[in-house]
Amino acid sequence: MRLSISHRTTYSFDAPVDYALQQLRLTPKPGGAQRVLRWSNTVSGGQTELSFEDQHANKVELVSVTPGAREISVLSEGELEVEDRAGVHGPHAGYMPLWLFKRSTSLTRPGARCRKLVSGLRAGNAPLERLHTLSSAVAEAVQYRTGSSNVATTAEDALEAGAGVCQDHAHVFITCARLMGIPARYVSGYLMMEGQVSQDATHAWAEAHVPDLGWVGFDVSNAISPDARYVRVATGLDYSEAAPVNGFRFGTAREELSVAIEVRQAETDSQ
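Worth saying up front: this structure is predicted, and the values here are computed from it rather than measured.

Draft legend 1. Region of interest: the packing of aromatic side chains. Inspection of the entire model under this criterion finds eight aromatic pairs. When the ring of Y19 is compared with that of F248, the centres are 6.2 Å apart and the planes differ by 50°; the resulting orientation is tilted. Note that Y19 is positioned in the loop between β1 (2-17) and β2 (20-24) and F248 in strand β15 (residues 245-249), a separation of 229 residues in sequence. When its relative accessible area of 34% is taken as the criterion, Y19 is described as partly exposed. The class for F248 is partly exposed, based on a relative accessible area of 42%. Each ring, one from F101 and one from W215, has its centre 5.2 Å from the other, and the planes form 75°; the classification is edge-to-face. Note that F101 is positioned in the loop between β7 (88-90) and α1 (112-119) and W215 in strand β13 (residues 214-218), a separation of 114 residues in sequence. Comparing F101 with W215 shows no difference in burial state: the two are buried. An aromatic cluster is built from Y19, F248 and F250, whose rings are joined through pairwise contacts. Positioned over the ring face of W215 is R185, at 4.0 Å from the centre of the ring.

Printed below as a string of structure tokens:
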């Protein structure tokens, strides 16, 4: 399937900003089930200072805001070909050793609730079957509810609240998979929704490393492994390493963020 994506991120300030730096992870990764046909990130109100590959082989761009600007906008757009591989991304590659994906982070540090969830799973099943069971258990324990969490919400927080969004589902799944001794990581990207082109946020899911298969995706929020509607952009140990945009600025100006995303089947693919 060929997908067309447009993603505009705009930061508006209530006063001129002397200096601000944004870190972008907005370029889809080539390989696995997807092939990037074209992609560009265009900056207005600032400029790209440099780009590099981070430890997870994500393309990272550092963008500075034009001194005195009241707004900076980034338009990311392009087309990709994606095939359905039942969520299987494939063998591990990159700079990070596989064992590192068993390490907990501040957002995925296990506590009593995660340990209880894992202990309730049936033992003895094959790893892939256990991971699908885990995905269902996380969905049952954390109901999808917008506005119930933020970027600092941990896996334990989400289980305590019993509610969260795709980011929280991914963090709980990752934490519990690591408790089971399985390497796991966070994925940020896009999802083409049925009957809905316009969106106001990117999507997130988890991947776990399964013997003989490699990395396999699990979208707890939609109870499915990623198919041809999913586009992988960045990966990391948790959200903080795969966030589409983060950064800092000097001064006291308040900011307002707006995100406008369109994900659709490309016309040439639907004819």
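Still to come is the rest of the account.
Draft legend 2. Geometry of the nonpolar core. The biggest cluster of nonpolar side chains holds 61 residues, and the ones touching the most others in it are L131, L134, V172, F173, Y190 and V231. With seven residues, the single largest contributor to this core is helix α4 (residues 166-179). In this structure, F173 is in contact with L131, L134, S135, V138, A206, A208, F218 and V220, ignoring residues within four places of it in sequence. Judged by nonpolar contacts, the second largest core, of five residues, contains L100, F101, W215 and L237.

Draft legend 3. Expanded view of the state of the cysteines. The full count for this structure, using the stated rule, is zero disulfides. Here C166 stays unpaired: no disulfide links it, and the sulfur of C176, its closest cysteine neighbor, is 17 Å away. With no disulfide of its own, C176 has C114 as its nearest cysteine by sulfur position, at a separation of 4.4 Å. Look at C176 and you get buried, because its relative accessible area is 0%.

Draft legend 4. Seen up close, the packing of helix α2 (residues 127-141) against α4. Two numbers describe how α2 lies on α4: the axes approach to 10 Å, and their chain directions differ by 135°. Considering the angle they form, α2 stands oblique to α4. Crossing hand, α2 versus α4: right-handed. Contact residues: α2 offers L131, L134, S135 and V138, while α4 offers H169, V172, F173, C176 and A177. Within the contact of α2 with α4, the residues separate by chemical class into seven nonpolar, two polar and no charged.

Draft legend 5. View of the pattern of salt bridges. Inspection of every chain in the model, using the stated rule, returns 14 salt bridges. One salt bridge connects E207 with R232, and the closest N-O pair in it is separated by 2.9 Å. One end of the pair, E207, is in strand β12 (residues 203-210); the other, R232, is in strand β14 (residues 230-236), and 25 residues separate them in sequence. Through salt bridges with shared partners, a single network forms among R2, R35, R38, E79 and E81.

Thresholds, definitions, all that
Residues numbered from 1 in each chain as written. Predicted model: local features only at pLDDT ≥ 70, side-chain atom pairs only at ≥ 80, totals over all residues. Heavy atoms only, no water. Phe/Tyr/Trp six-rings, centres within 6.5 Å; stacked < 30°, edge-to-face > 60°. Helix = DSSP H or I, 4+ residues; strand = E, 2+ residues; numbered from the N terminus. Buried < 20%, exposed > 50% of the residue type's maximum accessible area, 1.4 Å probe, protein only. Lys NZ or Arg CZ within 6 Å of the ring centre and 35° of its normal. Core = buried A, V, L, I, M, F, W, Y, C linked by side-chain atoms within 4.5 Å. Contact = heavy atoms within 4.5 Å. Disulfide = S-S within 2.5 Å. Axes fitted to C-alpha atoms, helices over the stretch in contact; angles between N-to-C directions. Parallel < 35°, antiparallel > 145°, perpendicular 65-115°, else oblique. Left-handed = near helix turned anticlockwise from the far one by under 90°. Nonpolar A, V, L, I, M, F, W, Y, C, P; charged D, E, K, R; others polar. Salt bridge = Lys/Arg side-chain N within 4 Å of Asp/Glu carboxyl O.

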